[in-house]
Structures are given as structure tokens and as C-alpha cells.
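Okay, here's what each chain looks like letter by letter:
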Amino acid sequence: MGEVLLEGRNLVKSYTTRAKGRRPETLLAVDDVSLRVHQAQTLAVVGESGSGKSTSARLLSLLIPATAGSVYLEGTDVTQATDSHLRTFRRNVQLVFQDPYSSLNPRHDVERIVSAPLRYQGIRTKVSYRTRVKDLMARVGLNPDHSTRYPHQFSGGQAQRIGIARALAVNPKVVICDEAVSALDVSVQAQVIDLLQDLKRDLGLSYLFIAHDLAVVREIADRVAVMHKGKVVEEGSCAQIFDAPGQAYTQELLAAVPRIPTEWDAARIRAEAASADEADNAATSQRRKDDQDR
């Protein structure tokens, strides 16, 4: 599976609740969780709301401190990283958030948003920041001439592509996607998933992909970790988890996925075949016409 780039070992995150008139209680949001993201692989973390998957992502990205446990980047303990070490970590591990609009400053144009990591990191590029931003916009499927526009002038899918471009600006090794497509329409989801797959292939990226939509996970993941009540209850290859789940909770999650009726699926296949036949017939007719013209 390649070397381990990002790893969380025995991570714990607890919170203390203090309700008026009651004794303080400790809530374990993440309880002894270990996760590994391998080079050029996608690890998806799935589970119902409140299972601890997003908290685990925040621990692995050092956005929040762990109560216990350690985070490693390429074998180096970065749990307590500060200053230059933390800056190096941020350069190698970037995030794409769930709501693209809330993660983009509405007062900044795209050029300023996408170039922000470069400026904050003090990274010099061979080309100007403006050229770098335009290159990144083209890379994620946006019009480079729109770099002077503001977030509200883009659709949800386009805004998420801006977030992806920003994450790519510093050439990270790992991108953490925290429900990165859950706020998008289904058709737009498919487009963003295709983009992430292309970037993974072309740039050798690794992903930690947090999601609750198992259909999306099946499209993008190499390995899947299933979380329940703050613990990882099962982990394995995508095929193992979807085709032969070993835990009752995983089986319940899969059973909850809506199934397309067989007749619908058959109708879709027939429609696709008919469309393909029609295209072939049109191409054949055009070739015959071209031959006659010659």
C-alpha cells in the first residue's frame, strides 16, 4: 500500500460538560482511534452523525489538540509541533471543508484566497502568485479569467473547486476532505469526485476522506474505516467492507443505503445501450455520406 504518510495512534479526545446544578461529566468524542493514510491512497472514514469521524479528522490535522495519543507525519511525531515544524506540517497536510462558502472569505477575491497559503507560508514560486493562481484554477476546472471574482459569484460546486485549488497551492502530500461533497447536488458531487480522482492520479495525492454517503465512498476509497461511538469498529479494503462486512454495525450502515429497484437499473442500462447504438448509427451514416461526397 506504500509508505504511511499520516498516522494517528491511539487518539483520544474528551470534553467535560458542566450543566448547572449537576456534577461535571466527561464525554469521549474519540476513544483510542488509530488511522493510517498511505501514499497515493484514499482512506475513507464513515459513520453516522456523532460517531467521531470529523473530530478524528481535526485531530489528525492538528486543528484541535488530542487529550491523548499521537499524530505522525512520515514517521515523525508532530503531536506537539509548533512554529517551523507546524508550518512544515501545514504545508504537507491541507484541508477541504464541507461548506465551501463558509470556508472562503467573502471579502477576498479568488486570487487572494488561493494564494493565501503561499503568502502565509512565505513560499516563493517560479512564476508570480497571479500566474500560479490561474494555473491552479485551470487545474481544477475553473476559468482562470475569473480570478478577480468573489465567492458569491460562483455556484456551490465551483466554490468547492476554489477550496480544492487553495489546498493544492502549497503542493501538499495529504489532503483531508471533511464531508467535502455532502453539501453539493448529486451531479456536482460526481464531478468533484472525478476531479479528486484525477488529482490523485496526476499529483500522487493521498486523501483522508470523511463521509457519511457510502455510495460516494465506494467510488473514491481504497480503504474504509467504520466509526461508531468514537471508536473504529471495522477497517479494511473497500471491497471487504462493502462485500463482506464483519461487524453488525457496518452491516446496518450498508443496509440503510437506498437501493435502486432492479427494473430501474435495467431501464437505465437499456437507455444507455440505445443511446450508444444511436451514436454508432449516426457515425456510420456520416462516414457513408463522406465516402459518397468523395
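Now for a quick tour of the structure. (Residues numbered from 1 in each chain as written. Predicted model: local features only at pLDDT ≥ 70, side-chain atom pairs only at ≥ 80, totals over all residues. Heavy atoms only, no water.)

Comments concerning the overall build of the protein
(1) Moving on: The secondary structure content of the protein amounts to 10 helices and 10 strands.
(2) Moving on: Dimensions of the protein, computed from the C-alpha atoms along their principal axes, are close to 85 × 55 × 40 Å.
(3) Moving on: Here the protein, with 294 residues, has 42% of them falling under the buried criterion.
(4) Moving on: Here the contacts in the protein between residues at least 6 apart in sequence split such that 68% fall between residues at least 24 apart.
(5) Moving on: If you average the places of the 38 positive and of the 36 negative side-chain charges in the protein, the two averages end up 9 Å apart. (Helix = DSSP H or I, 4+ residues; strand = E, 2+ residues; numbered from the N terminus. Buried < 20%, exposed > 50% of the residue type's maximum accessible area, 1.4 Å probe, protein only. Contact = heavy atoms within 4.5 Å. Lys, Arg positive; Asp, Glu negative; His and termini not counted. Charge placed at Lys NZ, Arg CZ, Asp CG, Glu CD.)

Concerning the nonpolar core
(1) Moving on: Counting 51 residues, the largest nonpolar core has Ile164, Leu196, Phe209 and Val224 as the members making the most contacts within it.
(2) Moving on: Ignoring anything within four residues of it in the chain, the contact list for Phe209 reads Thr42, Leu43, Ala44, Val45, Cys177, Val181, Ile193, Leu196, Val216 and Ile220.
(3) Moving on: In terms of nonpolar packing, the next biggest core, distinct from the first, is built from 26 residues, Val30, Val78, Ala225 and Met227 among them. (Core = buried A, V, L, I, M, F, W, Y, C linked by side-chain atoms within 4.5 Å.)

Looking at the sheet that holds strand β4 (residues 68-73)
(1) Moving on: An order of β2-β1-β4-β5 is seen for the four strands of this open sheet, with the pairing classed as antiparallel. Two strands close off the open sheet at either side, each with one partner strand: β2 (25-38) and β5 (76-77).
(2) Moving on: One ladder, built from two bridges, connects β4 with β5; its direction is antiparallel. Each residue of the ladder has a partner; that of Tyr72, found in β5, is Asp77.
(3) Moving on: Of the strands in this sheet, β1 (4-17), β2 and β4 are in contact with helix α1 (residues 53-60), which crosses β1 at around 120 degrees. (Pairing = 2+ DSSP bridges. Axes fitted to C-alpha atoms, helices over the stretch in contact; angles between N-to-C directions.)

A few points about the packing of aromatic side chains
(1) Moving on: Inspection of every chain in the model, using the stated rule, returns zero aromatic pairs.
(2) Moving on: Above the plane of the ring of Tyr72 lies Arg9, whose end atom (NZ or CZ) is 3.8 Å from the centre.
(3) Moving on: Sitting over the ring of Tyr120, Arg119 keeps its end group 5.6 Å from the ring centre. (Phe/Tyr/Trp six-rings, centres within 6.5 Å; stacked < 30°, edge-to-face > 60°. Lys NZ or Arg CZ within 6 Å of the ring centre and 35° of its normal.)

With respect to the packing of helix α5 (residues 156-168) against helix α6 (residues 186-203)
(1) Moving on: It is the contact of α5 with α6, at a shortest axis distance of 10 Å, that shows an interaxial angle of 20 degrees. By the angle between their directions, the pair α5 and α6 is classed as roughly parallel. Where α5 crosses over α6, the handedness of that crossing is right-handed. Across the interface between the two elements, Gly157, Arg161, Ile164 and Leu168 of α5 pack against Val188, Gln191, Val192, Leu195, Leu196, Leu199 and Leu203 of α6.
(2) Moving on: Along the lines of polarity and charge, the residues of the contact of α5 with α6 split into eight nonpolar, two polar and one charged. (Parallel < 35°, antiparallel > 145°, perpendicular 65-115°, else oblique. Left-handed = near helix turned anticlockwise from the far one by under 90°. Nonpolar A, V, L, I, M, F, W, Y, C, P; charged D, E, K, R; others polar.)

Some points on the environment of Val71
(1) Moving on: Mapped onto the secondary structure, Val71 falls in strand β4.
(2) Moving on: Taking the C-alpha atoms as reference, Val71 lies 8.6 Å from Ser61; in sequence the two are 10 residues apart.
(3) Moving on: If we ignore the near neighbours within four places in the chain, the residues touching Val71 are Leu6, Glu7, Leu11, Leu59, Leu60, Leu62, Thr76, Asp77, Val78 and Thr79.

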